[in-house]
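Here is what each chain is made of, one letter per residue.
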Amino acid sequence: MLVCVFVSLLVCSIAASEKDGALPRLTDINAAKAFIDSAEVVVIGFLEGEQSRGYKELVAAAQRVETVPVAICSMKEVWAELSIASDTITIFRKADKHQEKLVVSDAKKLETDGLVNFITINEVRYITEYNQVTAVGLFNSEVKAHLLLFANRGSKDFAELKQRLGVLAPEFTGKLLFVLINGAVKSNSRSLGYFGLKSRDLPRVGIYDGDSDMKWLLPEGEISTERVRQFCQSFLQGDLKEVKQAGEEAKTEL
């Protein structure tokens, strides 16, 4: 009987928390590090309490951005360990080992819509689908080299290729950002054209180096994990600089 009562109270408590939109509380550095390591992208609100500016807005934003875990940390000892000086909302990303910080005192306006936009723009993952929103975070990253998977959503190999390269991406953390460009989207035709491609040519894989504004295509053939890995390594070793760039007419061949 007591067990039933306990389980009932526990379920009610969890349900109430979910209904109220309560966020996890990180009470020590180990909890904070575990949370940061728990997903490709996470958000922590380093806020002193529920009355802090931005707290209610962050809770509301977390309910709208369900793909990104959000937590609260009010422990100043943890702040010190993570170099947080004042109330700050921070996005932690694994793909480029980056922290995007929104210092509350520096924000003229702090609204739910603005926080949703802040999180969404900076949601850079091991493999990020390119669109007008994610483009901002991708090009603001300190990692300027992109491994590009051009593929048409809905094609038979789309999901498999995305999964395959998503597994490979962590090997190049901090060196290359893996980006998916859906060739079936009309607005992406310019990106395809930059590599001399059309939707009918897909799937293909390319590399764009933002520092040198150079680009290359992996030669046609199977898009296997090993071929893409070697392609990435060739770029990082500087071997592709001697290879003809991808373009409107000529295709890159290794």
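Residues numbered from 1 in each chain as written. Predicted model: local features only at pLDDT ≥ 70, side-chain atom pairs only at ≥ 80, totals over all residues. Heavy atoms only, no water.

Trainee: Mind showing me how you'd approach the packing of aromatic side chains here?
Mentor: One pair of aromatic rings is described through two measures. These are the centre distance and the angle between the planes. Summed over all chains, the structure comprises seven aromatic pairs. Summarising the aromatic geometry, the rings of Tyr194 and Tyr208 are spaced 6.1 Å apart at their centres and angled 70 degrees between planes, so their arrangement reads as edge-to-face. Placement of Tyr194 in helix 8 (residues 189-194) and of Tyr208 in strand 8 (residues 204-209) is noted, with a sequence separation of 14 residues between them. Overall, the relative accessible area of 34% leaves Tyr194 in the partly exposed class. Taking relative accessible area as the criterion, Tyr208 reaches 18% and is therefore assigned buried. A connected cluster of aromatic rings, assembled from ring pairs, spans Phe150, Tyr194, Phe195 and Tyr208. Sitting above the plane of the Trp79 ring, Lys76 keeps its charged end 5.0 Å from the centroid. The positively charged end of Lys215 is found above the aromatic ring belonging to Tyr194, 4.4 Å away from the centroid. (Phe/Tyr/Trp six-rings, centres within 6.5 Å; stacked < 30°, edge-to-face > 60°. Helix = DSSP H or I, 4+ residues; strand = E, 2+ residues; numbered from the N terminus. Buried < 20%, exposed > 50% of the residue type's maximum accessible area, 1.4 Å probe, protein only. Lys NZ or Arg CZ within 6 Å of the ring centre and 35° of its normal.)

Trainee: I tried to follow helix 5 (residues 112-121) on my own but got confused; where do I start?
Mentor: Every buried residue belonging to helix 5 is among Thr112, Leu115, Val116, Phe118, Ile119 and Ile121, and all of these are buried. If you follow the buried residues of helix 5, they end up packed against strand 1 (41-46), helix 3 (55-64), strand 3 (88-93), strand 4 (98-103) and helix 6 (134-140). (Contact = heavy atoms within 4.5 Å.)

Trainee: Is there a simple way to explain the sheet that holds strand 5 (residues 127-129) in this structure?
Mentor: Pairing between the strands of a sheet is mediated by backbone hydrogen bonds and can be parallel or antiparallel. Pairing within the open sheet is mixed, and its five strands lie in the order 5-7-6-8-9. Across the chains shown, the open sheet's two edge strands, defined by having one partner strand only, are strand 5 and strand 9 (214-217). Pairwise comparison of adjacent strand axes, ignoring direction, gives a mean angle of 25 degrees for this sheet. Pairing analysis gives six bridges linking strand 6 (residues 145-151) to strand 8, with the strands arranged antiparallel. Across the sheet, the residue bridging to His146 is Tyr208, located in strand 8. The sheet strands contacting helix 9 (residues 225-236) are strand 6, strand 7 (177-182), strand 8 and strand 9, and the helix crosses strand 8 at an angle near 20 degrees. (Pairing = 2+ DSSP bridges. Axes fitted to C-alpha atoms, helices over the stretch in contact; angles between N-to-C directions.)

Trainee: Could you clarify how one ought to interpret the confidence of the model for the protein chain in this entry?
Mentor: In regions of low pLDDT, the predicted coordinates are not meant to be interpreted in detail. Chain-level statistics for the protein chain give a pLDDT mean of 89 and a share of 88% at 70 or above. Contacts of residues 248-254 to residues separated by more than four positions or lying in other chains number 23 contacts, the stretch itself having pLDDT below 50. (pLDDT = per-residue confidence, 0-100.)

Trainee: Would you mind showing me how to read the nonpolar core here?
Mentor: Here is a general trend for soluble globular proteins: nonpolar side chains tend to be buried in one another's company. Residues Leu147, Leu165, Phe178, Val205 and Val228 are the most contacted members of the largest nonpolar core, which totals 43 residues. Where this core is concerned, the elements lending two or more residues are strand 6, helix 7 (158-168), strand 7, strand 8, strand 9 and helix 9. Take this core: its biggest share by element is six residues, from strand 6. Among residues more than four places away in sequence, those in contact with Val228 are Leu147, Leu165, Leu168, Val205, Leu218 and Ile223. Among the nonpolar cores identified, the runner-up in size contains 23 residues, and Leu23, Tyr55, Leu58 and Val68 belong to it. (Core = buried A, V, L, I, M, F, W, Y, C linked by side-chain atoms within 4.5 Å.)

Trainee: Can you help me understand the packing of helix 7 against helix 9 in this one?
Mentor: The relative placement of two packed helices is expressed as an angle between their axes plus a distance between the axes. Their axes nearest at 10 Å, the elements helix 7 and helix 9 cross at an angle of 50 degrees. Classified by the angle their axes make, helix 7 and helix 9 are oblique. Handedness of the crossing formed by helix 7 with helix 9: right-handed. Contacts between helix 7 and helix 9 involve Arg164, Leu165 and Leu168 on the former and, on the latter, Thr225, Val228 and Arg229. Of the residues in the contact of helix 7 with helix 9, the class split is three nonpolar, one polar and two charged. (Parallel < 35°, antiparallel > 145°, perpendicular 65-115°, else oblique. Left-handed = near helix turned anticlockwise from the far one by under 90°. Nonpolar A, V, L, I, M, F, W, Y, C, P; charged D, E, K, R; others polar.)

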